[in-house]
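Fold and geometry: a report
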Amino acid sequence: MKLTIENISKNYGKKQALNGVSFEMENGVYGLLGPNGAGKSTLIRILAGIMEASGGNVLVNGINRKACDREYRSKLGYLPQSLDFYPEFSGLDYLRFVAALKGLKGKAMENKIRDLAGQVGLTEDLHRKCVNYSGGMKRRLGIAQALLNDPEILILDEPTAGLDPHERIKFRNLVSIFSRNRTVLLSTHIVSDIDSIAKQTVMIKNGRVGRMESNQRFVDAMEGKVWLLKMTVDELVVYQDNHIISNVVPKGDRMEVRVVSDGKPAPDAVIAAPTLEDAYLYEFNK
Amino acid sequence: MKLFQYEMKKLLLNKSRIILLAVIFIICTLMGLLSAEGAFVLRKSGDYGEYLRLVSENAGKLDPEQFAESEAIARATEAVYRKGNEDGFIMYLARNPVQKFHNEYARFGERVHEYWNGPEIQDEANIVGVYPIQEKLKELSDQTDTYEYKYYKNRLGIELSIGEPVFANTIFWSNFSLAFDLSRVAFLLLMFVSYIISPVFTQEVKTDMDSIVLCSLKGRREIVTAKLLSVCATSAIVTAVYLMGMFLGTYLFTGNISGFDAPARCFTGLTWTTLDMTVGGAAVLGCLWLTLAAMAFGLAISLISAKSKNQSAAFGLGVAMILTFSLTGFFLDEMKKMLWPLVDFNYVALSGYGSVFGGVKAYNLFGTPASYGAVAFAVCLVLSLAAALLMYLIQRKRSVA
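Here, residues in each chain are numbered from 1, in the same order as that chain's written sequence. Each chain gets a letter, beginning with A, and each ligand a number, beginning with 1, in the order they are written. Local features in a predicted model are, by the rule used here, given only for residues with pLDDT of at least 70; side-chain atom pairs are given and counted only at 80 or more, and totals for whole chains, interfaces and linings are based on all residues.

Further remarks concern the overall build of chain A. Numbering of helices and strands runs from the N terminus; a helix is a DSSP stretch of H or I covering at least four residues, while a strand is a stretch of E covering at least two. Each helix and strand counted, chain A has 10 helices and 14 strands in total. Taken along the three principal axes of its C-alpha coordinates, chain A extends 70 × 45 × 35 Å. Across the 286 residues of chain A, 41% fall into the buried class. Between the buried cut of 20 or more and the exposed cut of 12 or fewer other C-beta atoms within 10 Å of a residue's own C-beta lies the partly exposed class, and all C-beta atoms are placed from the backbone.

If you want it as C-alpha cells, here you go:
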C-alpha cells in the first residue's frame with residue numbers, strides 16, 4: 001500500500017504546527033524522528049484520520065483518504081502517544097472491545113487476541129483490570145490493540161515509551177516481522193527505536209520535514225563529522241555550550257567526549273564512526 | 001451487538017454502577033414508604049376494618065343518601081380539625097378511618113357533580129363537565145366545521161364513553177401515583193439518569209480512547225448506534241429501578257394492590273383523564289411513559305456528553321436543564337401562553353405523566369384536535385430522533401484536539 005502525504009499543513013490559531021509536509025511511504029518501516037513539539041503527533045493524527053489538516057492531502061494508492069475513509073480505517077492500526085483504559089475493563093475485555101470496533105468477530109477474533117497477547121507477553125494478565133497494569137503493560141496492550149486487524153498501515157506514536165530494554169527489543173522484533181508487505185510509520189524521539197528496523201527515516205523539525213533517507217545514508221553523510229576528544233570536567237562544562245556533544249564517557253580523571261562537528265573541533269580530536277544518533281543531533285542542531 | 005454489550009458494561013453493568021443502582025433502589029423504596037406513610041397509619045388504626053367495610057359496601061356508582069351523610073360528616077370534621085397545615089389533617093383522617101371514608105366519599109360525590117356540571121370556576125378556554133360541553137356544542141351548532149366544535153364534540157364523546165366516576169378502594173394506587181409526581185420525577189429520576197448517562201461520550205475523551213475509536217472501522221457510525229442503544233437501555237433500567245423502589249415502598253405500607261381494575265379516573269392525578277382504561281392499565285401506561293420520557297432525556301444528556309470534555313460538565317448541564325425546565329411551570333400565565341412550546345414540551349414537562357395524560361388539554365393540529373398525550377408522544381420521538389441524528393453527525397465530524 002502506498003501512502004502519499006501531499007503538502008500537509010496544520011494551524012492551531014496563529015501557530016503553524018505543520019508546514020507543507022510531503023513524503024511517500026510504501027511497505028516497510030518508516031521512522032519519524034523529531035524533538036518534542038516538532039509536529040510528529042499532529043502529523044500522525046492527520047494520517048490516522050482523527051484530525052483534519054488545514055491544507056494538503058493524504059493519498060492512499062493515489063486516492064484521497066477521505067474518498068475511501070471506511071476502507072482506509074479498516075486497514076489501519078494506530079497506537080496513540082497517550083492511552084488510558086476503561087476502569088471496568090480487563091485486558092481481555094479491552095482487546096475484545098477494540099476487536100469489535102475493528103469488525104472482528106467469533107473464533108478468529110479470539111484466536112487473534114490470544115496470539116497477540118502471547119506476542120506482547122500479556123497472556124497471564126488478560127483477566128486483570130487494565131487500570132492495574134504497569135506502564136509497560138499498558139503500552140504492550142496498546143501495541144496489541146493496534147495489531148488486532150492485521151493492519152496494512154500501522155501508525156505508532158512513541159510506542160516504546162515506558163518499555164524496559166527487554167520489552168523494547170521484543171517490540172522492535174515484533175514490528176520488524178510484522179512490517180513485511182505492510183507500511184509502518186513509527187514516530188519517536190528515541191533514535192535506537194528505529195536505528196535497526198527503519199527502511200527510511202523522516203526528520204521533522206518545527207513543522208517542516210527535512211530529508212527522507214535510509215538510515216545508512218544518514219549515517220554515511222556524517223562520515224568525517226564525528227570526533228572523539230578528551231578533556232577535563234571543567235573544560236567540558238564550557239565546551240558543551242558551543243558544540244554538539246553526543247556522548248560523554250569518563251576515562252580516568254578525564255572525559256572522552258563525542259563531538260559532532262563539520263570541522264575538526266580540536267587539534268587532538270580523533271575521527272569516529274558515525275551513528276544515526278549523531279545524524280539526528282546534527283540535523284536538529286543545524 | 002458486541003459493541004452494545006461493551007457500551008452497557010462501560011455505562012451501567014459494572015460493579016460501581018450496580019452499587020449505585022442498589023442505592024437508587026433503596027432511596028426510591030424509602031420515598032415510596034414516605035408516600036404511603038398515611039396508609040400505614042390507617043392500617044394500624046383500630047377502625048381500619050370498618051373503613052374497608054364502608055369502602056367495599058359503597059363501591060361503585062354514587063349513592064346520593066350516602067353522599068349526603070358523608071358530606072355532612074366531612075364538613076363537620078373539617079370545621080373542627082382542618083386547621084393549620086394540610087398534612088396534619090390528612091394524618092388526622094388516617095388515624096380516624098371512618099371519618100376518612102366519609103371525607104373520601106364526599107370528595108367522590110363532588111367529582112361526580114363536576115363530571116356532569118363542571119367545576120364552579122370554569123376555564124373558558126377549556127370547558128369541562130358533560131352539561132357545560134353540551135351547552136357549548138349548542139352554541140356552536142352553526143359552526144360545525146370549526147376546530148372548537150370538533151374539539152368539544154370529541155370531548156363529549158370521550159366523557160360519555162368513560163362515564164360517571166365510581167367509588168373504589170384504590171389506596172395503593174393513590175399512593176403509588178406519587179411516583180409520577182413531577183418534582184420526584186425531575187429531582188430523583190431525571191437526576192439519576194443525568195448522572196449515569198453523562199459519561200457516555202466523555203469517558204472516551206477521559207481515557208484517550210477517542211483516537212482509537214475514531215480511527216477504527218466502526219468508530220464513526222456503529223459505535224454511535226451502540227451508544228444510543230445503551231443510553232436507551234440504561235435510561236429504561238434506571239426508570240425500572242425507580243418505579244420498582246417506589247412500588248415496593250408503597251406496597252410495604254399499604255399492604256395490598258386492590259383497585260387494579262377500577263376506572264383510570266380513580267388514579268390520583270388522572271381525575272380528568274381522557275384515557276378510557278383501568279387504574280392498572282393507567283399505571284402500566286404511566287410506567288411506559290416515564291420510561292420513554294427518561295429515554296428521551298437520556299438521549300439529550302448523551303448529546304451534551306458528545307459535546308463536552310468531561311462528565312462533570314455534562315452532568316452539570318443536565319442538572320441546569322432540569323432546574324430551568326422545572327421553573328417554566330412557575331411562569332405567569334402570560335409567559336406560559338407566549339412560550340407554550342417550551343413550557344409544554346420541555347423534558348421535565350414531558351415526564352409529567354399526570355399533566356400530560358391527566359387532563360383535557362389538546363392542540364389544534366391543522367383543524368383536528370390532538371390530545372396533549374398524543375402530541376407529547378410525537379414530540380418525544382422527534383426530540384429523540386433529532387438528538388440521535390446530531391450524535392451521528394458529531395461523531396462523523398469529530399476529531400481529537
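So much for the structure itself; the text now carries on.
Here we come to the sheet that holds strand 12 (residues 244-251) of chain A. Residue and element names in this part refer to chain A. Spatially, the four strands line up as an open sheet ordered 12-13-11-14, and their pairing is antiparallel. The open sheet is flanked by strand 12 and strand 14 (270-271), the only strands paired with a single partner. With seven bridges joining them, strand 12 and strand 13 (residues 254-260) adopt antiparallel strand pairing. Note that in strand 13 the partner of Asn247 across the bridge is Arg258. Think of it this way: build a C-beta for each residue from its backbone, and any pair within 7 Å is a contact. All axes here are fitted lines through C-alpha atoms, helices being fitted over the stretch that makes contact, and every angle between N-to-C directions spans 0 to 180 degrees. Docked against the sheet, helix 10 (residues 276-284) engages strand 11 (226-231), strand 12 and strand 13, running at close to 135° with respect to strand 12. When DSSP finds two or more bridges between two strands, those strands count as paired.

Here we come to the pairing of strand 6 (residues 76-79) of chain A. All names here are of chain A. In strand 6, alternate side chains face the same way, and those of Leu76 and Tyr78 on one face and Gly77 and Leu79 on the other are all buried. Bridge count between strand 6 and strand 7 (residues 153-157): four bridges; the pairing is parallel. Of the residues in strand 7, the one forming a bridge with Tyr78 is Ile155.

This next bit is on the sheet that holds strand 7 of chain A. Residues and elements named next belong to chain A. Strand order across the open sheet formed by six strands is 6-7-8-3-9-10, with mixed pairing between neighbours. Among the strands making up the open sheet, the edge pair consists of strand 6 and strand 10 (208-213). Mean inter-strand twist for the sheet, computed between neighbouring axes without regard to direction, equals 15°. Two elements, strand 7 and strand 8 (residues 183-188), share five bridges in a ladder whose sense is parallel. The residue bridging Leu156 from the neighbouring strand is Leu186, located in strand 8. Where helix 5 (residues 135-147) meets the sheet, its contacts fall on strand 6 and strand 7, and the angle it forms with strand 6 comes to roughly 165°.

Contact with chain B, which involves 21 residues of that partner, is made by 26 residues of chain A. Mapped by element, the contributors of at least two residues to the side of chain B that touches chain A are helix 1 (2-11) and helix 13 (210-214) of chain B. Looking at the side of chain B that touches chain A element by element, the count peaks at five residues for helix 1 of chain B. Gly is placed with the polar residues, together with every amino acid not listed as nonpolar (Ala, Val, Leu, Ile, Met, Phe, Trp, Tyr, Cys and Pro) or charged (Asp, Glu, Lys and Arg). Taken together, the residues of the side of chain B that touches chain A sort by class into nine nonpolar, seven polar and five charged.

To continue, consider the domain arrangement of chain B. All names here are of chain B. On domain assignment, one finds that chain B holds domain 1 (2-36 + 170-397) and domain 2 (60-162). Where each domain starts and ends comes from a domain assignment, either automatic or drawn from a database. A C-alpha centroid distance of 31 Å is found between domain 1 and domain 2. Across the contact, 13 residues belong to domain 1 and 11 residues belong to domain 2. Counting residues per element, the ones that place at least two in the side of domain 1 that touches domain 2 are strand 1 (362-365) and strand 2 (368-371).

It is worth spelling out helix 10 of chain A at this point. The element helix 10 of chain A is extensively covered by neighbouring structure, given that seven of its nine residues are classed as buried. Those residues of helix 10 of chain A lying buried are Leu276, Asp278, Ala279, Tyr280, Leu281, Tyr282 and Glu283 of chain A.

Next up on the list: the domain arrangement of chain A. Residue and element names in this part refer to chain A. According to the domain assignment, chain A contains domain 1 (1-75 + 151-213), domain 2 (87-150) and domain 3 (224-284). For domain 1 and domain 2, the distance between their C-alpha centres works out to 23 Å. Taken together, the 13 residues of domain 1 in the interface contact 11 residues of domain 2. Those elements giving two or more residues to the side of domain 1 that touches domain 2 turn out to be strand 7 and helix 6 (165-178). A total of four residues in the side of domain 1 that touches domain 2 trace back to one element, the largest contributor, which is helix 6.

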